[in-house]
Amino acid sequence: MITDTKEFVKRVDDAADFLRTAVAGNTLPSICIVLGSGLGPLASMVDVIKEISYKDIPGFPVSTAPGHKGSLIFGTLEGKNVFLMNGRFHYYEGYPMETVTFYVRVMGRLGVKALLLTNASGGINLDMKVPELVAITDHLSFNAEPVLRGPNIEEFGTRFPDQCHVYDPELTDTLVNCARDLKIRISRGVYAYSKGPQYETPAEIRALRILGADCVGMSTVPEAIAASHMGIRVAAMSCITNMAAGITGQALSEQEVLDNAALASENSCALVKEFVKRINL
Ligand code: HPA
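All figures in this text were calculated on a predicted structure; none of them were measured in a lab.

## A short note on the pattern of salt bridges
When charged atoms on two side chains of opposite charge get close, those side chains can pair. Evaluation of the coordinates by the stated rule reveals 11 salt bridges. Notably, a salt bridge pairs R88 with E223, separated by 2.7 Å at the nearest N-O pair. With R88 in the loop between β4 (80-86) and α2 (97-100) and E223 in helix α6 (residues 221-229), this pair connects stretches of sequence that are 135 residues apart. Like E223, R88 is buried. A salt bridge links D181 to R278, with the shortest nitrogen-to-oxygen separation between them at 2.9 Å. Taken together, the residues D181 in helix α4 (residues 169-181) and R278 in helix α8 (residues 265-278) connect sequence positions 97 residues apart. Its relative accessible area of 51% is what places D181 among the exposed residues.

In structure tokens:
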């Protein structure tokens, strides 16, 4: 938890200054895209101007999750400047929530206006088919470590932020419309946050279904909360890489997640490209 807010803001601003210098001479992006498990191939869509390893950015942690590369790409996509986070940070890796969301704070200070979060998730809604895509419209995070706990940083946002529109309705509609126009199957759904790293139990999945969840995963929610706290508009796209625990009778595995994310990567790439092309920020 953050105790010294001045020191934390300075750390965020030092990282922002570092990136401002790194991309000097170019217009800073308005959009940041975050690649989830198995979605690394999306990085190849971007015309790279500069690739910066997380270990070289002051204050950034390193990402240790499988399928997460660990570099920030500054480049262009559909003629627009973008930041692309090739790998993210998870609570299950041992990082506190302010570290998991550190990059979001940095993006906010750099003036990024929209964050497109992608992830892999387990399907809870029985109508879902692997490896379809879901536009996340809302989330459940009752059991999560609260991201905004501790003294509020007024420069970032308000103490008690409303959570009715964490996922920007207009950007979410754009995501869904892009998929429809590209003839890519997509549904809208509620994402349940699971702290991990163990997958859920079948009983947990049955409970989450009763509570209204359509899919479950171990990322995205902390970042979405931090971003909306700062007024960054969020869109989130999930790839259903497996049916959640207890549904098929098969054990869940990381390999299944990565294999199915790879199967969806052509659709995911096409959708992300079209989304970036269409949005006006
Ligand atoms: N549960 C949690 N996280 C996941 C899953 C799952 O079933 N699939 C991909 N990420």
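## Concerning the packing of aromatic side chains
Using the criterion set out here, one finds 9 aromatic pairs in the structure. Aromatic side chains Y54 and F60 sit 5.5 Å apart centroid to centroid with 50° between the ring planes, which places their arrangement in the tilted category. We note that Y54, like F60, is buried.

## Focus on the environment of A120
Mapped onto the fold, A120 is located in strand β5 (residues 114-123). Setting aside chain neighbours within four positions, we find A120 in contact with S37, G217, S238, C239, T241 and V257.

## Notes on the packing of α4 against α8
Between α4 and α8, the least distance of the axes is 9 Å, while the angle of their chain directions is 125°. As far as their axial angle goes, α8 and α4 are oblique. By crossing handedness, the relation of α4 to α8 is classed as right-handed. Note on element contacts: α8 touches α4 through L271, E274, F275 and R278, opposite L171, T174, L175, N177, C178, A179 and D181.

## What about the site of the ligand?
Surveying the vicinity of the ligand reveals the residues A120, S121, G122, Y199, E200, V216, G217, M218, T241, N242, L252 and V257. In this structure, a nitrogen atom belonging to the ligand sits 3.3 Å away from a main-chain N or O atom of G122. Take E200: an N or O atom from its side chain is 2.8 Å from a nitrogen atom of the ligand. Burial of the ligand by the protein chains amounts to 95% of its free accessible area of 260 Å². Of the pockets mapped on this structure, the ligand occupies the largest pocket. Mapped by element, the contributors of at least two residues to the shell around the ligand are β5, β8 (215-217) and β9 (233-243). Ranked by residue count, the leading element in the shell around the ligand is β5, at 3 residues. Grouping the amino acids of the shell around the ligand by side-chain chemistry returns 6 nonpolar, 5 polar and 1 charged.

Definitions and limits used
Residues numbered from 1 in each chain as written. Predicted model: local features only at pLDDT ≥ 70, side-chain atom pairs only at ≥ 80, totals over all residues. Heavy atoms only, no water. Salt bridge = Lys/Arg side-chain N within 4 Å of Asp/Glu carboxyl O. Helix = DSSP H or I, 4+ residues; strand = E, 2+ residues; numbered from the N terminus. Buried < 20%, exposed > 50% of the residue type's maximum accessible area, 1.4 Å probe, protein only. Phe/Tyr/Trp six-rings, centres within 6.5 Å; stacked < 30°, edge-to-face > 60°. Contact = heavy atoms within 4.5 Å. Axes fitted to C-alpha atoms, helices over the stretch in contact; angles between N-to-C directions. Parallel < 35°, antiparallel > 145°, perpendicular 65-115°, else oblique. Left-handed = near helix turned anticlockwise from the far one by under 90°. Near = heavy atom within 4 Å. Polar contact = N/O pair within 3.5 Å; in protein donor to acceptor, adjacent residues only side chain to side chain. Areas by Shrake-Rupley, 256 points an atom, 1.4 Å probe, with all protein chains shown as cover. 1 Å grid on protein atoms, 1.4 Å probe; cavity = no way out; pocket = protein on both sides within 12 Å on 5 of 7 lines; lining within 4 Å. Sits in = over half its atoms within 2 Å of the grid points. Nonpolar A, V, L, I, M, F, W, Y, C, P; charged D, E, K, R; others polar.

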